[in-house]
Amino acid sequence: VQLQASGGGQVQAGGSLRLSCAASGSTFSRYTVGWFRRAPGKEREFVARIFRRGGGTSYADSVEGRFTISRDNAGNTVYLQMNSLKPEDTAVYYCAADSGVILSASASPQSYAYWGQGTHVTVSS
């Protein structure tokens, strides 16, 4: 599966952005999709994930209540709606997918074989 992330940009604190992860090349509903981010000088970290088919979701504590992940299997796209953005949300955001993700490891980047190219999000104070 090939992934294309888009929707990043620059916003002021308190603003919103919606990221998209468009997939091609395979039956998208079979894949669990995760969003990760890497801030300057920091390690890549888990943001959110949505399971294949049934679409169960999970979020990092730092974004819980502000971000919402959703999927449109017919449109082969996963979205990350980001509200109440903070300067500490500034990062490059990546979407990732895999058909074999298990619940206990769904926040680990190593669980995902396919990655998009990243989209930049900058939140100014």
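Everything below is about the structure shown above.
Residues numbered from 1 in each chain as written. Predicted model: local features only at pLDDT ≥ 70, side-chain atom pairs only at ≥ 80, totals over all residues. Heavy atoms only, no water.

> Tell me about the state of the cysteines, and please be specific about residues and values.
Per the stated rule, a full pass over the model turns up one disulfide. The disulfide bridge from C21 ends at C95, spanning 2.2 Å between sulfur atoms. Given an S-S torsion of about 75 degrees, the disulfide between C21 and C95 has right-handed geometry. Remark: C95 occurs in strand 9 (residues 91-98) and C21 occurs in strand 3 (residues 17-24); sequence separation between them is 74 residues. (Disulfide = S-S within 2.5 Å. Helix = DSSP H or I, 4+ residues; strand = E, 2+ residues; numbered from the N terminus.)

> Summarise unusual backbone geometry; cite the residues concerned and give the values.
In the Ramachandran plot, N76 falls in the positive-phi region, its phi being about 55 degrees despite a non-glycine side chain. Looking at the secondary structure, you find N76 in the loop between strand 7 (67-72) and strand 8 (77-82). Located in the positive-phi region is S84, a residue other than glycine, with phi close to 50 degrees. By secondary structure assignment, the location of S84 is in the loop between strand 8 and strand 9. You can call S84 partly exposed: its relative accessible area is 41%. (Buried < 20%, exposed > 50% of the residue type's maximum accessible area, 1.4 Å probe, protein only.)

> Now, about the environment of V1: what can you tell me, with residues and values included?
Here V1 lies in the segment before strand 1 (2-6). Take V1: its relative accessible area is 15%, and that puts it in the buried class. Taking C-alpha positions, V1 is 12 Å from C95, a pair spaced 94 residues apart along the chain. Leave out the neighbours within four places in its chain, and V1 touches A23, S24, S26, Y31, A97 and Y114. (Contact = heavy atoms within 4.5 Å.)

> Can you break down the side chain of S111 residue by residue, with the values?
Assignment of secondary structure puts S111 in the loop between strand 9 and strand 10 (114-115). Looking at S111, its side chain comes within polar contact range of the main-chain oxygen of A105, at 2.6 Å. Discounting chain neighbours no more than four positions away, the residues touching S111 are D98, V101 and A105. (Polar contact = N/O pair within 3.5 Å; in protein donor to acceptor, adjacent residues only side chain to side chain.)

> Residues and numbers for the nonpolar core, please.
Core analysis: the biggest nonpolar cluster contains 37 residues, and W35, L80, M82 and Y93 have the highest contact counts within it. Top contributing element to this core by residue count: strand 9, with five residues. If we skip the residues at most four places from it in the chain, Y93 touches L19, W35, F36, R37, V47, F67, L80, M82, G118, T119 and V121. (Core = buried A, V, L, I, M, F, W, Y, C linked by side-chain atoms within 4.5 Å.)

> Quick one: what's the story with the environment of S124, residue by residue and with numbers?
For S124, the location among the structural elements is in strand 11 (residues 119-124). The partly exposed category is assigned to S124, whose relative accessible area is 25%. Along the backbone, S124 and Y59 are 65 residues apart, and their C-alpha atoms lie at a distance of 23 Å. Here S124 is in contact with V11, Q12 and A13, once residues within four sequence places are set aside.

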